[in-house]
Amino acid sequence: MPLHSQGAARQKNAYGRRIPCAIDLAMRYVIVIAAIAFFLIWDGMYNQGRYLDTAVRELSHVVRYVTSKA
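> For this particular structure, what's the right way to read the overall build of the protein chain?
Scanning the protein chain from N- to C-terminus turns up three helices and zero strands. Listed N to C, the secondary structure of the protein chain is α-α-α in terms of helices and strands. Scored against the burial criterion, the 70 residues of the protein chain give a buried share of 9%. Accessible area for the protein chain stands at about 6500 Å²; split by element, carbon and sulfur atoms hold 65% of it.

> Would you explain the pattern of salt bridges in this entry?
Oppositely charged side chains can form a pair if their charged atoms are brought close together. Going through the model one piece at a time under the given rule, you end up with one salt bridge. Between Arg57 and Asp53 there is a salt bridge, with its nearest N and O atoms 3.0 Å apart. Placement of the pair is Arg57 and Asp53 together in helix H3 (residues 50-69), with a separation of four residues, close to one helical turn.

> When you look at unusual backbone geometry in this model, what are you seeing that I'm missing?
Most peptide bonds are trans, and most residues other than glycine sit at a negative phi. Backbone geometry places Gln48, a non-glycine residue, at a positive phi of 55°. You can see Gln48 is positioned in the loop between helix H2 (22-46) and H3.

> Any chance you could explain the packing of H2 against H3 here in plain terms?
The description of two packed helices rests on the angle between their axes and on the distance between the axes. Across the interface, H2 lies against H3 with an axial gap of 7 Å and an inter-helix angle of 110°. When the axis of H2 is compared with that of H3, the two are roughly perpendicular. Only Arg50, Tyr51 and Leu52 of H3 make contact with H2, whose side of the interface consists of Phe39, Leu40, Trp42 and Asp43.

> Please explain a nonpolar patch on the surface as it appears in this structure.
On the surface, Val32, Ile36, Phe38, Phe39, Leu40, Ile41, Trp42, Met45, Tyr46, Tyr51, Leu52 and Val56 cluster together into a nonpolar patch covering about 1200 Å² of accessible area. Among the elements of the structure, H2 and H3 are those that each provide at least two residues to the nonpolar patch. The leading source of residues in the nonpolar patch is H2, at nine residues. With respect to the helices, strands and loops of the structure, Val56 is situated in helix H3.

Thresholds, definitions, all that
Residues numbered from 1 in each chain as written. Predicted model: local features only at pLDDT ≥ 70, side-chain atom pairs only at ≥ 80, totals over all residues. Heavy atoms only, no water. Helix = DSSP H or I, 4+ residues; strand = E, 2+ residues; numbered from the N terminus. Buried < 20%, exposed > 50% of the residue type's maximum accessible area, 1.4 Å probe, protein only. Areas by Shrake-Rupley, 256 points an atom, 1.4 Å probe, with all protein chains shown as cover. Salt bridge = Lys/Arg side-chain N within 4 Å of Asp/Glu carboxyl O. Axes fitted to C-alpha atoms, helices over the stretch in contact; angles between N-to-C directions. Parallel < 35°, antiparallel > 145°, perpendicular 65-115°, else oblique. Contact = heavy atoms within 4.5 Å. Patch = residues over 30% accessible without salt bridge, like charges linked within 9 Å, V, L, I, M, F, W, Y side chains within 5 Å.

What follows is the structure, given as structure tokens:
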């Protein structure tokens, strides 16, 4: 029986959604945000922002390369 049957359509979770796995979907965003925050804090404290600086420089090079070829 599919998730969107009549019984499941009547029930709502804490987020007001009818999908029973909405908490799982929300937790994915929390985990991704926490991982990015951990990386930024780690890079800033122990590497003086070296990896973030390199990533931004390389991304700007890629953007310049792609936009100049268009």
